Amino acid sequence: MTFARDNSAYDVLKIRDYRHYILARTLVSFGVTIMSTVVSWQVYAYTHDVLSLGLIGLAEFIPAFIVGLAAGHVADNFDRKKIMMTCIFLLGISAFSLFLLSTKFEFLIKNYGVIFIYCVVGFTGLIRGFHSPANTAFGAQLIPKTLFSQAATYTTMSWQIANIGGPAVGGIIYAITGQAWPSYLLVVLFVFTGFFLANTITSRHVEKEKSSDSAKENIWTSIQSGLTFVFNHQILLGAITLDMFAVLFGGAVAMLPAFAKDILYQGPEGLGMMRAAPAIGALIMAWILTQFPIKQNAGKMLLFSVTGFGVCTIFFAVSTNFGFSLLMLAGTGFFDDISMVVRGTTLQLYTPNDMRGRVSSVNALFIGSSNELGGFESGVAARFMGLVPSVIFGGVMTLIVVTTTWFAAPKLRDLNEMS
């Protein structure tokens, strides 16, 4: 595991379009994390049922899964910036819908339960299904390949900044006001600010690296070629599936409202701190990686990081001390950031531009959707196994997945340089 200090750690930020892209992405992510935090607390406040928290993830997963592969084809055949802008705008509309449900139309929730919140969450899943591949592929075309690893670090850093600030802000506002609507209104502000900033990016869709024959392929052939590319590439497939199962089994985020209220006896402000803790750990690691990027043994670093993630998950599950729980949650983010940087860099390096949308959609389908499906799995497991045993089970399964990957994907395990 070798680190070497990088004396040009800020080169990628000297590119104007990338600066605007990463700032817009941070603002939108900030809004989305506020929305996610408040939705989970609001739903649990109405239902007092851990399964209802899992259903939030399922509501977002199903539409994202349905459109995921087709969204990759769209990102590779249409203007990625326009797709990204449309999706950001619709995310703002979703946040405004939640604002209305919490104010003028609150009687719908009181009379019919949280079904309408689930509907809005499902719509955001549909939007994010299209946004993820277009956004990822668009970001890659703004910079040269030599800066992919550096850009992956800043991309994860921007997400972690949002994950620190978003849950904290959302939780504090909810705690002070006792209402969800002020937080949703703030989400609208962040998302539309990001929308206008993204619109200032001048870079256009780059020429596709396709032959005239491949350009004529239909959507089903296009999707199949993207899947074939990933499944025939052991490094890409190994990195994606490793993270997928780790997130599916090891993520405790969906259950945090229950841990906050029933195990650690915290209010919404405590939940905000818990939601922010993994991002704080990840941000620390992200800064380390900007100064000392991974130069060698990238595959082993990836496996080591997922192991650390699983161990911290187990310790979090058995903790009854709020401070120690925050430390373990920060540890999950600390180790997860290494995984995100390695996976993000390898995806960009080993994928040609004309397939980045489809490969990103496969990645989003495996990783992004597994966040939501993992939330559902956590809810079901918590209902039948109990809250604490279900999270311990997830951490143990993560360690089993790492061990399996070590032997099943030797090319990933032996991956050395990411350049």
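Residue indices follow the written sequence of each chain, beginning from 1 at its first position. Confidence filtering applies because this is a predicted model: local features only for residues at pLDDT of at least 70, side-chain atom pairs given and counted only at 80 or more, and all residues used for totals across whole chains, interfaces and linings. Values reported for side chains reflect all heavy atoms of the structure, with hydrogen atoms and water molecules removed beforehand.

Novice: Break down the pattern of salt bridges for me, citing the residues and quoting the values.
Specialist: One side chain can pair with another of opposite charge once the charged atoms of both are near each other. Any Lys or Arg side-chain nitrogen located within 4 Å of an Asp or Glu carboxyl oxygen qualifies as a salt bridge. One pass over the full model with this rule turns up nine salt bridges. In this structure, Glu60 engages Arg128 in a salt bridge whose closest nitrogen and oxygen atoms are separated by 2.8 Å. Of this pair, Glu60 sits in helix α2 (residues 50-77) while Arg128 sits in helix α5 (residues 115-140), and the two are 68 residues apart along the sequence. Classification of Glu60 by relative accessible area gives buried; the value is 11%. Using a 1.4 Å probe on the protein chains alone, a residue whose accessible area is under 20% of its type maximum counts as buried, one over 50% counts as exposed, and one in between counts as partly exposed. Given a relative accessible area of 32%, Arg128 falls into the partly exposed group. Note that Asp76 is salt-bridged to Arg358, the shortest N-O span being 2.8 Å. A residue pair is termed long-range when its members are at least 10 positions apart, and Asp76 in helix α2 and Arg358 in helix α14 (residues 356-385) qualify at 282 residues. In terms of burial, Asp76 and Arg358 fall into one category: buried. Each of Asp76, Arg80, Asp354 and Arg358 takes part in a single network of salt bridges with overlapping partners. A run of H or I in DSSP becomes a helix once it reaches four residues, and a run of E becomes a strand once it reaches two; helices and strands are each numbered from the N terminus.

Novice: For the layout of surface pockets, give the residues involved together with the corresponding values.
Specialist: The definitions used throughout rest on a 1 Å grid laid over the protein atoms alone, on which a cavity is an enclosed set of points accommodating a 1.4 Å probe that cannot get out and a pocket is an open set flanked by protein within 12 Å on both sides along at least five of seven lines; lining residues are those having an atom within 4 Å of a point. Grid points are joined across faces, edges and corners, and a volume is the space filled by probe spheres set on the points. Size it by volume and the second largest pocket reaches roughly 180 Å³. Taken together, Gln234, Leu237, Gly238, Thr241, Leu242, Phe245, Val401, Thr404, Thr405, Ala408 and Ala409 form the lining of the second largest pocket. For the lining of the second largest pocket, the secondary-structure elements that each account for two or more residues are α9 (234-250) and α15 (387-408). Element by element, the count of residues in the lining of the second largest pocket is highest for α9, at six residues.

Novice: I'd like to hear about the confidence of the model for the protein chain, residue by residue, with values.
Specialist: Predictor confidence is given residue by residue as pLDDT, running from a minimum of 0 to a maximum of 100. Averaged over every residue, the pLDDT of the protein chain is 84; the share at 70 or more is 90%. Ranking the helices and strands of the protein chain by mean pLDDT puts helix α3 (residues 80-101) first, with 96, and strand β1 (residues 2-3) last, with 46. In this analysis, two residues are considered to be in contact whenever any of their non-hydrogen atoms come within 4.5 Å of each other. In the predicted structure, residues 209-215 sits below a pLDDT of 50 and forms nine contacts with residues beyond four places in sequence or in another chain.

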